[in-house]
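Residue-level structural notes
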Amino acid sequence: MTTPALLPLSGRRIPTLSPGASSFPHHRATLRLSEKFILLLILSAFITLCFGAFFFLPDNSKHKLLFHASFSSSGKHDGNKWAFMEEEESLRDKIRADHERALQEAKEKLRKSKEELKAEIQTEKTKVVEDLKKKDGPKPLPPVPMPKLVGVSDGDPGDSDTKEKRDKIREMMKHAWDSYRQYGWGHNELKPIAKKGHSTNIFGNSQMGATIVDALDTLYIMGLHDEFKDGQEWIEQNLDFSVNAEVSVFEVNIRFIGGLLAAYYLSGQEVFKVKAVQLAEKLLPAFNTPTGIPWAMVNLKSGVGRNWGWASAGSSILAEFGTLHMEFVHLTYLTGNPAYYQKVMHIRKLLAKMDRPNGLYPNYLNPRTGRWGQHHTSVGGLGDSFYEYLLKAWLMSDKTDTEARKTYDDAIEAIERHLIRKSNGGLTFIGEWKNGHLERKMGHLTCFAGGMFALGADGSPDDKAGHYLQLGAEIAHTCHESYDRTVLKLGPEAFKFDSGLEAVAVRQNEKYYILRPEVIETYWYMWRFTHDPKYRQWGWEAVQAIDKYCRVSGGFSGVKDVYSSNPTYDDVQQSFFLAETLKYLYLLFSSDELLPLENWVFNTEAHPLPVLHLGNITLPGSETQR
């Protein structure tokens, strides 16, 4: 999962005063304005009354003419003339009463304070908005066949030792959840030391309960159903996307839409599907760019999008706009709305037409010009999940999306040629390509690639399945070394392979561990494909280290230096710790029957989505399924 560098939100604009202007209004001027306002209101009420009287009260001369005409007409109308006169009199009384009531209401309004009038106006506005919501409320979603769901619970590993370890991981999940429930409920994340809510600018300034949505499927597969119900109730009553908040399209897609869709498929509860679709509709304006490459951020209320200020010359980021396919295909499947599928396929087609330096995809693309930004290629942060989603698009389509598979294979071939190297000590690593040079540094985020290579081994071109499974094992080994060579037995954020140092962080700002899942994710995939017991052993080492050094009374916290025996905490319990790290650990110590990979594909936030066995069904907006 990519987590781009976070920047502080821009400050509020404060109105400036012209030189010499007083910062407070003159009191007498205020009084004059108030008096004029009251006089104008009285005058307007009087004019309204006069006009009403002139136009609506019956004219006496006309009445006399009508009365005279009725007497001079034939006798057969004699019986109606008195009824006509009574009706005229009744109408006149009604008009007078209406005008008197209007005048009385105007007088009452004038007696009210400015605050009371404002409150009344606001109440009326709210009522109008609510009425419109009822009128234009969400249309019911079309019924679609539920994909075949296999292995959504249990996964008993069989032997008592493995079961005991799995129970320990479940207990850690309960501690993380209960702490969040007690100290940060409704906030996006938790500060476990300060014991209060926490949020970052990827979620805007709103309390969207990111941890609740991200943790739901983990709670479900662990059998923590009371906790799941609490989360569901909060979502039903509080999760509202009509907020004035600028959010990361990528993060909200993988955590919220992915989390809600997974919760829907696992539990069958419609509320999760409805909420996922409501949020997805709010993300669509981000695609309103000259190229169709979405902005990094979008305001959920206004639909206005923009890119991160730090990204190369206003570019969008490969791992962000390239990590939408899984969720958007499911949205089209569930809603019948072709827009989601078309948006992601447009991105794929645009990228297919572009020249790629050395066959590599740069991390930056300008959404206005459609040109690459800085030539920086990474399988870690800024690039990672783009490659992951090419492979998973193929898997999720029941291996019918051969275009996605071919694009993945070509990309991996270029990565092997230019980025993958062996260190002097024999460790296989994936470096970063920067302006024609290879930087011999690997990030914790890049460690997910071991699992990706193993997952994509079956179906590789030229009978390379064995090669890619071996490559996955080598990456897993390197990443385990990055953990094993620290004091805490937890991996640093990034580690180098030069100057005699291998798999070790050099800079202070790369020595932290923020409860990341990527290494454990690779252990799990390698376990599923090989059943080599070392992967469970390495996973258990991580469990013990996290429980010993990251656990605090208020939850779990990241640490700032994995090479220090007395580390300081960063005081953040990341939502992905519950969504990914603990889920992958639990699956590592479960049987393969729990969420089998033939039936489920995990998004980059570890939210399982079912394989769509579409057969002859065609997704709305797509060409005939190959």
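Residues numbered from 1 in each chain as written. Predicted model: local features only at pLDDT ≥ 70, side-chain atom pairs only at ≥ 80, totals over all residues. Heavy atoms only, no water.

1. Considerations on the pairing of strand β14 (residues 494-498)
In terms of residue burial, β14 counts as a mostly covered element, since four of its five residues are buried. Looking at chain direction, β14 and strand β15 (residues 501-504) are connected through three bridges and run antiparallel. Note on β15: the bridge partner recorded for Asp498 is Leu501. Counted along the chain from β14 to the antiparallel partner β15, the turn is two residues long, and its residue Ser499 has a positive phi close to 55 degrees. (Buried < 20%, exposed > 50% of the residue type's maximum accessible area, 1.4 Å probe, protein only. Helix = DSSP H or I, 4+ residues; strand = E, 2+ residues; numbered from the N terminus. Pairing = 2+ DSSP bridges.)

2. Observations regarding the sheet that holds β14
Read from one edge to the other, the open sheet built from three strands follows the order β13-β14-β15, with strand pairing classed as antiparallel. Strands at the two margins of the open sheet, each flanked by one partner only, are β13 (441-443) and β15. Recorded for the sheet is a direction-independent mean angle of 20 degrees between the axes of neighbouring strands. With three bridges joining them, β13 and β14 adopt antiparallel strand pairing. Across the sheet, residue Gly443 finds its bridge partner in β14, namely Ala494. (Axes fitted to C-alpha atoms, helices over the stretch in contact; angles between N-to-C directions.)

3. Quick notes on the state of the cysteines
In this structure the tally under the stated criterion is one disulfide. The disulfide that involves Cys447 links it to Cys479, with 2.0 Å between the sulfurs. Disulfide Cys447 to Cys479: torsion about the S-S bond roughly -95 degrees, handedness left-handed. One end of the pair, Cys447, is in the loop between β13 and α15 (449-455); the other, Cys479, is in helix α16 (residues 465-484), with 32 residues separating them in the sequence. Residues Cys447 and Cys479 agree in their burial class; the two are buried. (Disulfide = S-S within 2.5 Å.)

4. Comments concerning unusual backbone geometry
For Leu382, which is not glycine, the phi torsion reads 85 degrees and is therefore positive. Within the element layout of this structure, Leu382 appears in the loop between β8 (376-377) and α13 (384-396). The phi torsion at Asp463 lies on the positive side, around 55 degrees, for a residue other than glycine. Locating Asp463 in the fold gives a position in the loop between α15 and α16.

5. A few points about the pattern of salt bridges
Taken as a whole and judged by the stated rule, the model has 30 salt bridges. Of the charged contacts in the structure, one is a salt bridge between Glu171 and Arg551, with a shortest N-O distance of 2.6 Å. In this pair, Glu171 is assigned in helix α5 (residues 160-183) and Arg551 in strand β16 (residues 551-552), connecting sequence segments 380 residues apart. Connected through salt bridges with shared partners, the residues Lys168, Glu171, Asp547 and Arg551 form a single ionic network. (Salt bridge = Lys/Arg side-chain N within 4 Å of Asp/Glu carboxyl O.)

6. Thoughts on the side chain of Asp571
Here Asp571 lies in the loop between β17 (555-556) and α19 (575-588). One buried charged residue, Asp571, forms no salt bridge at all, with the nearest opposite charge on Lys191 at 4.1 Å. A distance of 3.3 Å separates the side chain of Asp571 from the backbone nitrogen of Ala194, its partner in a polar contact. Excluding anything up to four places from it in sequence, Asp571 contacts Leu190, Lys191, Pro192, Ile193, Ala194, Ser557 and Gly558. (Lys, Arg positive; Asp, Glu negative; His and termini not counted. Polar contact = N/O pair within 3.5 Å; in protein donor to acceptor, adjacent residues only side chain to side chain. Contact = heavy atoms within 4.5 Å.)

7. Overview of the packing of aromatic side chains
Tallied over the full model, the rule gives 26 aromatic pairs. Judged by centre distance (5.2 Å) and plane angle (70 degrees), the rings of Trp524 and Phe602 are edge-to-face. Of the two residues, Trp524 sits in helix α17 (residues 518-530) while Phe602 sits in strand β18 (residues 600-602), which places them 78 residues apart along the sequence. For Trp524, a relative accessible area of 0% corresponds to the buried category. Considering the side-chain rings of Tyr535 and Trp538, the 5.5 Å spacing of their centres and the 85 degrees angle between planes classify their relative orientation as edge-to-face. Separated by three residues within a single helix, Tyr535 and Trp538 lie in helix α18 (residues 534-549), roughly one turn from each other. As far as the burial class goes, Tyr535 and Trp538 line up, both buried. (Phe/Tyr/Trp six-rings, centres within 6.5 Å; stacked < 30°, edge-to-face > 60°.)

8. Describing α13
An α-helical turn contains 3.6 residues, so any two residues separated by three or four positions project in the same direction. Its 13 residues place the ends of α13 18 Å apart at the C-alpha level, agreeing with the 18 Å of an ideal helix rising 1.5 Å per residue. Of all 13 residues in α13, 13 are buried; the element is thus mostly enclosed. Remark: Asp398 follows α13 within two positions and exhibits a positive phi of approximately 65 degrees. (Expected span 1.5 Å × (residues − 1).)

9. A look at helix α7 (residues 225-238)
In a regular helix each residue adds 1.5 Å, so 14 residues correspond to 20 Å; α7 covers 20 Å between its end C-alpha atoms and thus fits that length. All of the buried residues in α7 are Glu227, Phe228, Gly231, Gln232, Trp234 and Ile235. For α7, the angular spread of the buried residues around the axis is 160 degrees, confining them to a single face. Residues of α7 that are exposed and point more than 90 degrees away from the buried face comprise Asp226, Lys229 and Gln237. Those residues of α7 hidden inside the fold are in contact with α5, α6 (210-221), α8 (249-267) and α9 (270-283). (Arc of directions from axis to C-beta.)

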